[in-house]
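Here is what each chain is made of, one letter per residue.
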Amino acid sequence: MAITLTSLTDLSAPGFDDIIDVRSPAEYAEDHLPGAISLPVLDDEERARVGTIYKQVSPFTARKVGAALVAKNAARHLEGPLADRPGGWRPLVYCWRGGQRSGSFATILSQIGWRVETLAGGYKAWRALVVREVYDTPVRAPVVVLDGNTGSAKTEVLNLLPGFGVQAIDLEGLARHRGSLFGALGPQPSQKAFEAALAQVLAGLDPARPVVVEAESSKIGNCRLPPMLWKAMVAAPRVAIAAPRSARAAYLARAYADLTADRVRLGQVVGLLQPLHPREVIADWQAMAAAGAFEVLADSLMERHYDPRYGRHRARMPAPAAEVTADRLAPGDLPGLAARIAEAVLGLAKV
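Quick notes on the rules
Residues numbered from 1 in each chain as written. Predicted model: local features only at pLDDT ≥ 70, side-chain atom pairs only at ≥ 80, totals over all residues. Heavy atoms only, no water. Helix = DSSP H or I, 4+ residues; strand = E, 2+ residues; numbered from the N terminus. Buried < 20%, exposed > 50% of the residue type's maximum accessible area, 1.4 Å probe, protein only. Contact = heavy atoms within 4.5 Å. Areas by Shrake-Rupley, 256 points an atom, 1.4 Å probe, with all protein chains shown as cover. Lys, Arg positive; Asp, Glu negative; His and termini not counted. Charge placed at Lys NZ, Arg CZ, Asp CG, Glu CD. Salt bridge = Lys/Arg side-chain N within 4 Å of Asp/Glu carboxyl O. Pairing = 2+ DSSP bridges. Axes fitted to C-alpha atoms, helices over the stretch in contact; angles between N-to-C directions. Right-handed = clockwise from strand over helix to strand, strands pointing away. Parallel < 35°, antiparallel > 145°, perpendicular 65-115°, else oblique. Left-handed = near helix turned anticlockwise from the far one by under 90°. Nonpolar A, V, L, I, M, F, W, Y, C, P; charged D, E, K, R; others polar.

Our next topic: the overall build of the chain. Within the chain one finds 15 helices and 12 strands. Principal axes of the C-alpha set define a box for the chain whose edges measure 70 × 50 × 35 Å. Among the 351 residues that make up the chain, the fraction classed as buried is 44%. The contacts of the chain with a sequence gap of at least 6 include a subset with a gap of at least 24, amounting to 73%. Approximately 17000 Å² of the chain is accessible, and the part contributed by carbon and sulfur atoms is 55%. When the 40 basic and 36 acidic side-chain charges of the chain are each reduced to a single mean position, those positions are 5 Å apart.

Quick look at the pattern of salt bridges now. The tally for this structure, following the rule as stated, stands at 16 salt bridges. Several salt bridges share partner residues, and in doing so they unite Asp18, Asp84 and Arg85 into one network.

Comment: phi is negative for the bulk of residues other than glycine, and the bulk of peptide bonds are trans. Although it is not a glycine, Ala153 adopts a positive phi angle of roughly 65 degrees. For Ala153, the location among the structural elements is in the loop between strand S6 (143-148) and helix H6 (154-160). With a relative accessible area of 2%, Ala153 lands in the buried category.

All right, on to the sheet that holds S6 then. The strand order across the open sheet formed by 5 strands is S7-S8-S6-S11-S12, and the pairing between neighbours is parallel. Both outer strands of the open sheet, strand S7 (167-169) and strand S12 (322-325), are each paired with one neighbouring strand and no more. With strand direction ignored, the average angle separating the axes of adjacent strands in the sheet is 25 degrees. Bridge analysis of strand S11 (residues 238-242) against S12 gives 4 bridges, and the strand direction is parallel. Bridge pairing links Ala240 to Glu323 in S12.

Looking now at the pairing of strand S2 (residues 18-21). Burial along S2 is two-sided: Asp18 and Ile20 facing one way and Ile19 and Asp21 facing the other are all buried. Two strands pair when backbone bridges link them, and S2 and strand S4 (residues 91-94) are joined in this way by 4 bridges, in the parallel orientation. The residue bridging Ile20 from the neighbouring strand is Val93, located in S4. Taken together, the 2 bridges between S2 and strand S3 (residues 37-38) define a ladder with parallel strand orientation. Bridging from a neighbouring strand, Ile20 pairs with Ile37 of S3. Following the chain from S2 across helix H1 (residues 25-30) to the adjacent parallel S3, one finds a crossover that is right-handed.

Now for the packing of helix H3 (residues 59-79) against helix H4 (residues 100-112). One way to put it is that H3 packs onto H4 with a least axis distance of 10 Å and a crossing angle of 50 degrees. Classified by the angle between their axes, H3 and H4 sit oblique to one another. Between H3 and H4 lies a crossing of right-handed hand. Within the contact between the two elements, H3 uses Arg63, Val70, Ala74, His77 and Leu78 and H4 uses Gln100, Ser104, Phe105, Ile108, Leu109 and Ile112. When its residues are assigned to classes, the contact of H3 with H4 shows 7 nonpolar, 3 polar and 1 charged.

Set out below in structure tokens:
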């Protein structure tokens, strides 16, 4: 039996015990349904081999070879990851689109006695819902942008806002990148996976309440913001955090502890700024990194690079709708700052 999804929220309603992606590992790695586990019935090499046979020999021969491979891989999954599943287990199985891979695996599972269902249209149907949400649907809630110079603790404050009744979308969290040259957090999701995660958040917004996003460029690392959201951000009112550079430098030294723990890597990242600054300035910054003078380095980077750069950008924009000052950005100060930001955001909603 195949189920049909009509919205991104439909997936949680049926209450499946597991969602199984039987596509190849490469397909799964690029993007998959939320919470899905990978149990490929054809690996990347096998899928390519069957496809070649289909084109160069015949569809019949390809199906015969494919069936043997599916049976072999299904047996491996049954003896391995699925060995402990009970009799009442209820999985949802999907493949790319046509249903041959998912249908074959679902038939085997159903013959065992499990209540298995497949997804009509497979991953392609899910992807169509994601595209509709992020590319064709205006943002459901009024957007407010949280702004402020580098080191203003915007991301941490943003994630505290739901505790004060304000919706928020952590775009950097979804992109797994802090948005600057120094912001890498490891491998980023693919563009499709980023859009899928974003689509689920957007679909769950309450239209009656504003949603806050952090000021970003149109790309966060390698992840591009969909045009619909980007246009809403450009047109949105801004609430800015105003904090002295010394407080921001102290915050950055703490927030980027993962980067400062590797002084060699930090020096290499500083070196990437060489096209924008004199050689002696880069050398001074790299010496600070090597010496562990992280607050001094952060202060100098803001003074000579980030603050002037963002200052020129903001000079072309309207003044913030509200500004919230913060003399300190220590961990204990952030909840109070978030409360004042939430008050300012909710105040804008009443205007």
